[in-house]
Amino acid sequence: MRDEDGTQKAQRELCGIGQAAQKLGVSVRSLRYYQEVGLITPSGRTSGGNRLYADSDLARVRRIRELQTLLGFNLDEIRTILVYEDRLAQVRVEFHAASDDGDRLRLLSEGETAYRRLRAEIDEKISRLAAFRDEIDERLERMNRFRDGAVARSS
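Fair warning: this is a prediction, and the values are worked out from it, not measured in the lab.

**Concerning the packing of helix α5 (residues 75-97) against helix α6 (residues 101-154)**
Now for step 1: Where α5 meets α6, the closest approach of the two axes is 10 Å, and the angle between their N-to-C directions is 160 degrees. Compared by their axis directions, α5 and α6 come out roughly antiparallel. By crossing handedness, the relation of α5 to α6 is classed as left-handed. Packed against α5, whose contacting residues are E77, T80, I81, Y84, R87, L88, V91, R92, E94, F95 and H96, the element α6 presents R104, L107, L108, E110, G111, A114, Y115, R117, L118, E121, K125 and R128 at the interface.

**Points about the environment of A89**
Now for step 1: On the secondary structure map, A89 appears in helix α5.
Now for step 2: Relative accessible area serves as the criterion here: at 32%, A89 is assigned to the partly exposed category.
Now for step 3: C-alpha of A89 to C-alpha of I136: the two residues are 47 residues apart in sequence and 39 Å apart in space.

**Brief notes about the packing of aromatic side chains**
In this description, an aromatic ring pair is defined by two values, namely the gap between the centres and the angle between the planes.
Now for step 1: Per the counting criterion, the structure on display carries zero aromatic pairs.
Now for step 2: Here the basic side chain of R104 rests over the ring of F95, its NZ or CZ set 5.5 Å away from the ring centre.

**A few points about the pattern of salt bridges**
Now for step 1: What the rule picks out here adds up to 15 salt bridges.
Now for step 2: With a closest N to O distance of 2.9 Å, D76 and R79 form a salt bridge. Of the two residues, D76 and R79 are both situated in helix α5; the distance of three residues between them amounts to about one turn of the helix.
Now for step 3: With a relative accessible area of 54%, D76 lands in the exposed category.
Now for step 4: Put simply, R106 and E110 hold a salt bridge, and the shortest N to O gap is 3.8 Å. With R106 and E110 both in helix α6 and four residues apart, this pair spans about one turn of that helix.

Thresholds applied
Residues numbered from 1 in each chain as written. Predicted model: local features only at pLDDT ≥ 70, side-chain atom pairs only at ≥ 80, totals over all residues. Heavy atoms only, no water. Axes fitted to C-alpha atoms, helices over the stretch in contact; angles between N-to-C directions. Helix = DSSP H or I, 4+ residues; strand = E, 2+ residues; numbered from the N terminus. Parallel < 35°, antiparallel > 145°, perpendicular 65-115°, else oblique. Left-handed = near helix turned anticlockwise from the far one by under 90°. Contact = heavy atoms within 4.5 Å. Buried < 20%, exposed > 50% of the residue type's maximum accessible area, 1.4 Å probe, protein only. Phe/Tyr/Trp six-rings, centres within 6.5 Å; stacked < 30°, edge-to-face > 60°. Lys NZ or Arg CZ within 6 Å of the ring centre and 35° of its normal. Salt bridge = Lys/Arg side-chain N within 4 Å of Asp/Glu carboxyl O.

Structure representation (structure tokens):
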């Protein structure tokens, strides 16, 4: 498909690594690293070999950043989550394309298994965060006991 100016529409919707980094608020180095560790794959390349990113690539980086900064997952944990999310997206497509109830049931079972495993990953993270919070609470309690003892001795 071509626009009025003759350029291919799909090509115009792709952006270079610098523009992608700017849109996302990350460094070019981060984008390259995400690719190096297998978290993203740019949708294309220029004839000179420069990376080109589609909106779906930018959405994936936003998801990575959300998992990293908001939820506190490390890159290995993010990779695991993305593998599950990618497979679940594929299962959805296959489910809608399936014409046989047996295939649909198999896909539903696979989806349920993936969601349960993803849930287990999240439960593990929550458990570790709760243990860290409990450790901090214990230290705060100990500090309060020391302060209360110091105040009582100085009275």
